[in-house]
Amino acid sequence: TVVPARLWGGRSRCAGRLELLFAGTWGSVCAEGWDPAAAQVLCRQLACGRPRLVPAPCSSMAAGAPPVVLRQVQCTGQELALEHCILQPGHPSPCPMDR
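Residues numbered from 1 in each chain as written. Predicted model: local features only at pLDDT ≥ 70, side-chain atom pairs only at ≥ 80, totals over all residues. Heavy atoms only, no water.

Asks: Help me understand the side chain of Glu79 in this model?
Replies: Structurally, the position occupied by Glu79 is in the loop between strand 4 (70-74) and strand 5 (86-89). There is no salt bridge for the buried Glu79, and the closest opposite charge comes from Arg44, which lies 5.7 Å off by N-O distance. Only 3.0 Å separates the side chain of Glu79 from the backbone nitrogen of Gly77, close enough to count as a polar contact. Among all residues touching Glu79, those that are not within four sequence positions of it are Val41, Arg44, Gln74, His84 and Cys85. (Helix = DSSP H or I, 4+ residues; strand = E, 2+ residues; numbered from the N terminus. Buried < 20%, exposed > 50% of the residue type's maximum accessible area, 1.4 Å probe, protein only. Lys, Arg positive; Asp, Glu negative; His and termini not counted. Salt bridge = Lys/Arg side-chain N within 4 Å of Asp/Glu carboxyl O. Polar contact = N/O pair within 3.5 Å; in protein donor to acceptor, adjacent residues only side chain to side chain. Contact = heavy atoms within 4.5 Å.)

Asks: Looking at this model, I keep getting lost on the environment of Pro89. Mind explaining?
Replies: In this structure, Pro89 sits in strand 5. The exposure class of Pro89 is partly exposed, given its relative accessible area of 48%. Along the chain, Pro89 and Val29 lie 60 residues apart, while their C-alpha atoms are 9.7 Å from each other. With sequence-adjacent residues up to four places away left out, Pro89 is seen in contact with Phe22, Val69, Leu70 and Arg71.

Okay, here's the thing in structure tokens:
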């Protein structure tokens with residue numbers, strides 16, 4: 001299943017808050033396991049080159065965003081797109097806004 005992804009609210013299409021389309025709704029990602037490997041996969045999927053900034057999951061970048069769509073993300077960094085990673089939908093608990 002293809003998981004549409006976008007970076008929203010930044011100065012270009014390759015910057016901003018990560019949002020994924022799940023069940024017809026765009027939602028921000030607040031997930032355990034969001035790390036440089038997952039960011040590398042996202043940047044490859046969006047044809048944005050190498051990731052330069054990998055905000056902590058649940059960082060202030062996700063504050064005030066639409067609903068959280070992922071509880072956990074596991075990528076090796078070799079995947080071509082996020083749908084090839086292990087994605088667990090749902091709300092993480094707990095999910096502090098800053099770490």
